Amino acid sequence: MQKPPQHSQDFALKETSPNIGAGHVTGDKLSSTYDLVEQMQYLYVRVVKAKDLPSKDLTGSLDPYVEVKLGNYKGLTKHFEKKSNPEWNQVFAFSKDRIQASVLEVVVKDKDVVADDFVGRVWFDLNEIPKRIPPDSPLAPQWYRLEDRKGDKVKGELMLAVWMGTQADEAFPDSWHSDAATVGSDAVANIRSKVYLSPKLWYVRVNVIEAQDLIPTDKTRYPEVYVKANLGNQILRTRVSQSKTLNPIWNEDLMFVVAEPFEEPLVLSVEDRFGPNKDEILGRCVIPLHMVQRRLDHKPVNTRWFNLEKHVVVDGEKKEVKFASRIHLRVCLDGGYHVLDESTHYSSDLRPTAKQLWKSSIGVLEVGIISAHGLMPMKARDGRGTTDAYCVAKYGQKWIRTRTIVDSFAPKWNEQYTWEVFDPSTVITVGVFDNGHLHGGDKSGGSKDSRIGKVRIRLSTLEAGRVYTHSYPLLVLHNSGVKKTGEVQLAVRFTSSSFINMMFMYSQPLLPKMHYIHPLSVIQLDSLRHQAMQIVSMRLIRAEPPLRKEVVEYMLDVDSHMWSMRRSKANFFRIMKVLGGLIAFGRWFDQICNWKNPITTVLIHILFIILVLYPELILPTIFLYLFLIGIWNFRWRPRHPPHMDTRLSHADAAHPDELDEEFDTFPTSRPSDIVRMRYDRIRSIAGRVQSVVGDLATQGERFQSLLSWRDPRATSLFLTFCFIAAIVLYVTPFQVLCFLFGFYVLRHPRFRHKLPSVPLNFFRRLPARSDSML
């Protein structure tokens, strides 16, 4: 067993004690619904509007804007052309931690080409500013008379509201933050916190039954006809019809993924294959999806005949020719399935598409995204390393994105979010990213948001009602190895609304019933999942601000199905660990049988005699033992949520070439000699897997050959044994047989032979189908 690396302790989960409201009530508590984060104090300034502003230009016009000054921080509103009664309605938020002034100054200025003119100002003493704690109503803005630099009243009034509050304030998400004063106005939208919703996904099932009265161009040959179905960027084809006539039959299902609102129609074309890459369209039909029937169960929908239309070009113009060709289809939107858009191992939602089939929620998940520390510099700016970090959390259809903390390796978000929970066997994913779209917005030459790391928490591992506050290591696997890029501090609470409902969920199937009544193949599910991820990614990119493709794909584990030597080894050792318990039991029983510890063996004999004499005690004894083992293990139960484990993933001991292979593109971009070496390595591993699977198949075929007369002598011997055993078992009490069998198995080593037993020799001589394989 290899030793863990020295730095493995850095990869561990750490329990923290943040100063949050949950668990203890303080006089300065935010509110009962915002208690999983630390309070952050802000000075808010809402600039509403102005009236009767005096003109400053020779032309008599005024281009007003407001400058909010607090020490070194300066926030500006937009300016209006030639308007003496402007309305801004903008909010400015100044972090109390960074306030170094004692006076807030709000100045109205006139925008000018050379130098902006001073119009008037309002100032406030910070000690006199009122506090507001939600759920108090917002502070009403008031009119303030403007003053000149000497403090004398001048013409014009400004409507303002100024208060001290926290991040729980309604004005917080849309306010201008002094923390991000260096960000240009074109990129401010990219740094604010937002909530996104995944589109509602449906499976579209197209059952292509048959076509009638096709009119091929070449009537001297039998047509080789297939149907091509197109939905957005998804294209599927049926096989070529076996009945090579003008009335071909397919009876084949095609499955697509589509999102509401339905933007693209389903386009079907019947095509005749002349030869390689030579296909002629015999007709096509367009089916709008909002006209398609929605079904909730496995009952078949009605079939419909659709006319096939054909376009021909006459004198350079496209003309539509209608004729009697028809296609017979059964098309439906399957609402009884859950459309998988995540890796099935880390799914956050298992509900069917149709809302009518949803069960009531079983609880609420609350997550406080508190802070991060020790983040690595992700890019260079002004000759130094920097990070502009934000978090994304995904559970069910709801995605959240925190605000971006600009230029900080220890950002503090202190934002809290809530999700409804419908199944405890689900996982929430929280990812940390570096914002690559600041300081120039999206004009930064196709830059991407870099991944800093992510955390997954399975809800079923959480105790209901308990607040978990931990610092999670952020681990990212590069082609140079695993790296810790920092830690993120979270507060998590899962509250169950009904204990009985939650326990009842454990008796229910994981996926909706349709997955078991009409199962989809593994290959089909994998392809549909890939399409679903692409659709979700494309929809979230179109939001404002966009949730970018690289972020969505990382959160949804888009590359989890790719081959990885490291992952294969990790899975192999997982299997070995699972089997380790059985192997350990087998070794212990072997020691019992070989009388390594005579006292234990004698006790096992006594237990064996009791169970044979009173067979009704066998099952109660087994369950009692399991109960006692479970109670014994209670002391060592896990006390924290799961986290990314580098040793389990074999990330800390992976060979550089294995990592290079994992991060290689598909198809490969490596030179042929490296590809050849990797191919040979995969062949050797696949050969071992093939051997194991082959051995399992061989044992199964030997059992089958006991009665198949493939080896007549072996079957004759087995049948003779079965006949004699039946007679003996009829006349001999069952307890006597158990005694004899048990004492034979537990016999002393001096009565044992080194050679394999007769039944084992007989079984190994039985034929398998391996000798028929090429």
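Residues numbered from 1 in each chain as written. Predicted model: local features only at pLDDT ≥ 70, side-chain atom pairs only at ≥ 80, totals over all residues. Heavy atoms only, no water.

K.L.:
Honestly, the pattern of salt bridges in this entry has me stumped. Any pointers?
P.N.:
Within the structure shown, the criterion is met by 30 salt bridges. The salt bridge partner of Lys51 is Glu157, with a shortest N-O separation of 3.7 Å. Here Lys51, found in strand S2 (residues 41-51), pairs with Glu157, found in strand S9 (residues 153-166); they are 106 residues apart in sequence, far enough to count as distant. The class for Lys51 is partly exposed, based on a relative accessible area of 28%. Since its relative accessible area comes to 21%, Glu157 is described here as partly exposed. Between Lys454 and Asp557 there is a salt bridge whose closest N-O contact spans 3.0 Å. Of this pair, Lys454 sits in strand S28 (residues 450-458) while Asp557 sits in the loop between helix H4 (549-555) and helix H5 (565-593), placing them 103 residues apart in sequence. Assessed through its relative accessible area of 6%, Lys454 is described here as buried. Judged by its relative accessible area of 9%, Asp557 is buried. (Salt bridge = Lys/Arg side-chain N within 4 Å of Asp/Glu carboxyl O. Helix = DSSP H or I, 4+ residues; strand = E, 2+ residues; numbered from the N terminus. Buried < 20%, exposed > 50% of the residue type's maximum accessible area, 1.4 Å probe, protein only.)

K.L.:
Could you clarify how one ought to interpret the packing of aromatic side chains in this entry?
P.N.:
Aromatic ring pairs are defined here through the distance separating the ring centres and the angle between the ring planes. Within the structure shown, the criterion is met by 13 aromatic pairs. Ring geometry for Tyr203 versus Tyr337: centroids 5.7 Å apart, planes at 70°, classification edge-to-face. With Tyr203 in strand S12 (residues 201-212) and Tyr337 in the loop between strand S20 (317-334) and strand S21 (363-373), this residue pair connects regions lying 134 residues apart in the sequence. Accessibility classification places Tyr203 together with Tyr337 in one group, the buried group. Here the aromatic residues Tyr42, Tyr44, Trp163 and Phe172 are joined through ring pairs into a cluster of three or more. The ring of Trp305 has Arg326 lying over it, and the distance from NZ or CZ to the ring centre is 4.4 Å. One Lys or Arg, Arg351, reaches over the ring of Phe422 and ends 4.0 Å from the middle of that ring. (Phe/Tyr/Trp six-rings, centres within 6.5 Å; stacked < 30°, edge-to-face > 60°. Lys NZ or Arg CZ within 6 Å of the ring centre and 35° of its normal.)

K.L.:
Is there a simple way to explain the confidence of the model for the protein chain in this structure?
P.N.:
The predicted coordinates ought not to be read in detail in places where the model reports low pLDDT. In this model, the protein chain carries a mean pLDDT of 82, and residues with pLDDT of at least 70 account for 89%. Per-residue pLDDT, averaged within each element of the protein chain, yields its smallest value for helix H8 (residues 656-662) (73) and its largest for strand S24 (residues 389-395) (95). Note on residues 1-7: pLDDT is under 50 here. Beyond four places in sequence and across chains, it has 5 contacts. The low-confidence segment residues 25-32, where pLDDT is below 50, has 15 contacts with residues more than four positions distant or belonging to other chains. (pLDDT = per-residue confidence, 0-100. Contact = heavy atoms within 4.5 Å.)

K.L.:
It is not clear to me how empty space enclosed by the protein should be interpreted in this structure. Could you clarify?
P.N.:
Where empty space is left becomes clear once a probe the size of a water molecule has been rolled over the atoms. If you walk through the whole model with that rule in mind, you get 5 cavities of 30 Å³ or more. There is about 190 Å³ of room inside the largest cavity. Taken together, 16 residues make up the lining of the largest cavity; nearest its centre are Leu201, His338, Val339, Asp349 and Gln397. Taken together, the residues of the lining of the largest cavity break down into 5 nonpolar, 5 polar and 6 charged. (1 Å grid on protein atoms, 1.4 Å probe; cavity = no way out; pocket = protein on both sides within 12 Å on 5 of 7 lines; lining within 4 Å. Points joined across faces, edges and corners; volume = space filled by probe spheres on them. Nonpolar A, V, L, I, M, F, W, Y, C, P; charged D, E, K, R; others polar.)

K.L.:
Would you mind showing me how to read the nonpolar core here?
P.N.:
Within soluble globular proteins, side chains that are nonpolar tend to cluster in buried spots. Leu365, Trp413, Trp419, Val488 and Leu490 are the most contacted members of the largest nonpolar core, which totals 34 residues. Taken together, the elements giving at least two residues each to this core come down to S21, S24, strand S26 (412-421), strand S27 (427-434), S28, strand S29 (467-478), strand S30 (481-496) and helix H1 (499-505). Ignoring sequence-local partners within four residues, the contact set of Leu490 consists of Gly368, Ile369, Ile370, Val430, Val455, Ile457, Tyr468, Thr469, His470 and Tyr472. (Core = buried A, V, L, I, M, F, W, Y, C linked by side-chain atoms within 4.5 Å.)

K.L.:
Any chance you could explain the environment of Ser347 here in plain terms?
P.N.:
As for its placement among the helices and strands, Ser347 is situated in the loop between S20 and S21. In sequence terms Ser347 and Ile428 are 81 residues apart; their C-alpha atoms lie 8.1 Å from each other. Not counting residues up to four positions away in its chain, the partners in contact with Ser347 are His338, Leu340, Glu342, Ser425, Thr426 and Val427. Within the structure, the side chain of Ser347 is placed 3.1 Å from the backbone oxygen of Asp349, a separation counted as a polar contact. (Polar contact = N/O pair within 3.5 Å; in protein donor to acceptor, adjacent residues only side chain to side chain.)

K.L.:
Which parts of the structure should I look at to understand the UniProt feature "transmembrane region" (unreviewed entry) in the protein chain?
P.N.:
Feature annotation in UniProt assigns "transmembrane region" (unreviewed entry) to the following positions: residues 572-590, 602-632 and 717-746. Within the segment residues 602-632, helix and strand shares are 87% and 0% respectively, and the terminal C-alpha atoms sit 25 Å apart. When the span residues 717-746 is considered, its composition is 90% helix and 0% strand, and the gap between its end C-alpha atoms is 27 Å. (UniProt positions renumbered as here; feature names shortened; annotations may be inferred.)

K.L.:
Help me understand the sheet that holds S21 in this model?
P.N.:
Think of a sheet as strands paired side by side through backbone hydrogen bonds, with each pair either parallel or antiparallel. Read from one edge of the open sheet, 5 strands run S1-S29-S30-S21-S26, paired in antiparallel fashion. With one partner strand each, in any of the chains shown, strand S1 (14-15) and S26 form the two edges of the open sheet. Note: S21 against S26, 8 bridges, orientation antiparallel. Paired with Gly363 across the strands is Val421, a residue of S26. (Pairing = 2+ DSSP bridges.)

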